[in-house]
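# Secondary and tertiary structure notes
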Amino acid sequence: MFFHKKNRYELDMNTANNALQNILSTCNQPVNTIPFDKLVLRKKINAASYNRLIVATAVIFVLTFLSPLIIVPLSEFNEKLFAPAPAELTLDYVENNVLSLKFTGDNILYDEAFMETLSGEIIEPLSVDSAKGVISFPFLTEEANIYVPVSGGETIHLLFTPDNVTGMTR
């Protein structure tokens, strides 16, 4: 299969059998009792199984060296595919003394968000729109911490500093 000669020769079975018998008698060996055509057929069968073995070995060799490229641990694949999107603050703006924060991501607990001033006062949001991902707090003139819980025990912690707010009109 892989190592074929370019020129193929045809052999007359009777001539080949006579030549074999002459060689055996010259070397003082017993006469061949198996017909020559059966010997040729046996050689072809052995060569066919050898060629199949070479092909099978080549396929196994290729699969062995390509398997790291193909096999991906299913747990890692599923984690990436089905993992919730991380919670992120995408926009903050002030309008009519109301600070609005827009979030994207999964599993954000909008109703549990709150603001805590430096004096320890807890301020609840003025409005929560979980469909749009917007939480609105009153605009304060002092620093405050804003906590937005995410399911799984995580919390987004934002430090509100009025001097650095974008969109503020003075």
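As the structure is a computational prediction, the values presented were derived from the model and not from experiment. (Residues numbered from 1 in each chain as written. Predicted model: local features only at pLDDT ≥ 70, side-chain atom pairs only at ≥ 80, totals over all residues. Heavy atoms only, no water.)

The strand order across the open sheet built from four strands is S4-S3-S7-S8, with neighbouring strands paired in antiparallel fashion. In the strand order of this sheet, the two ends are held by strand S4 (122-123) and strand S8 (154-160), each with one partner. Relative to S8, strand S7 (residues 144-150) runs antiparallel, the two sharing seven bridges. Paired with Pro 149 across the strands is Thr 155, a residue of S8. (Pairing = 2+ DSSP bridges. Helix = DSSP H or I, 4+ residues; strand = E, 2+ residues; numbered from the N terminus.)

Read across the open sheet, the four strands follow the order S1-S2-S6-S5; overall the sheet is antiparallel. Each of the sheet's edge strands pairs with one partner strand only, and the pair in question is strand S1 (88-95) and strand S5 (127-129). Between one strand and the next, the sheet's axes are offset by a mean angle of 15 degrees, whatever the strand orientation. Sheet topology places S1 next to strand S2 (residues 98-104); seven bridges connect them, and they run antiparallel. (Axes fitted to C-alpha atoms, helices over the stretch in contact; angles between N-to-C directions.)

Within the largest apolar cluster, 20 residues are counted, with the highest numbers of intra-cluster contacts made by Phe 103, Met 115, Ile 146 and Val 148. Of all the elements in the fold, those that place two or more residues in this core are S2, strand S6 (134-138), S7 and S8. In this view, Val 148 contacts Phe 103, Ile 108, Ala 113, Ile 135, Thr 155 and Ile 156; residues no more than four positions away in its chain are not counted. (Core = buried A, V, L, I, M, F, W, Y, C linked by side-chain atoms within 4.5 Å. Buried < 20%, exposed > 50% of the residue type's maximum accessible area, 1.4 Å probe, protein only. Contact = heavy atoms within 4.5 Å.)

Turning our attention to the side chain of Ser 136. Checked against the element boundaries, Ser 136 lands in strand S6. With a relative accessible area of 7%, Ser 136 lands in the buried category. The residues contacting Ser 136, other than those within four sequence positions of it, are Val 98, Leu 99, Ser 100, Pro 125, Leu 126 and Ser 127.

This part takes up the pairing of S7. Across the seven residues that make up S7, a large majority, seven, are buried. Where strand S3 (residues 114-117) and S7 come together, four bridges link them in antiparallel fashion. Of the residues in S7, the one forming a bridge with Met 115 is Ile 146.

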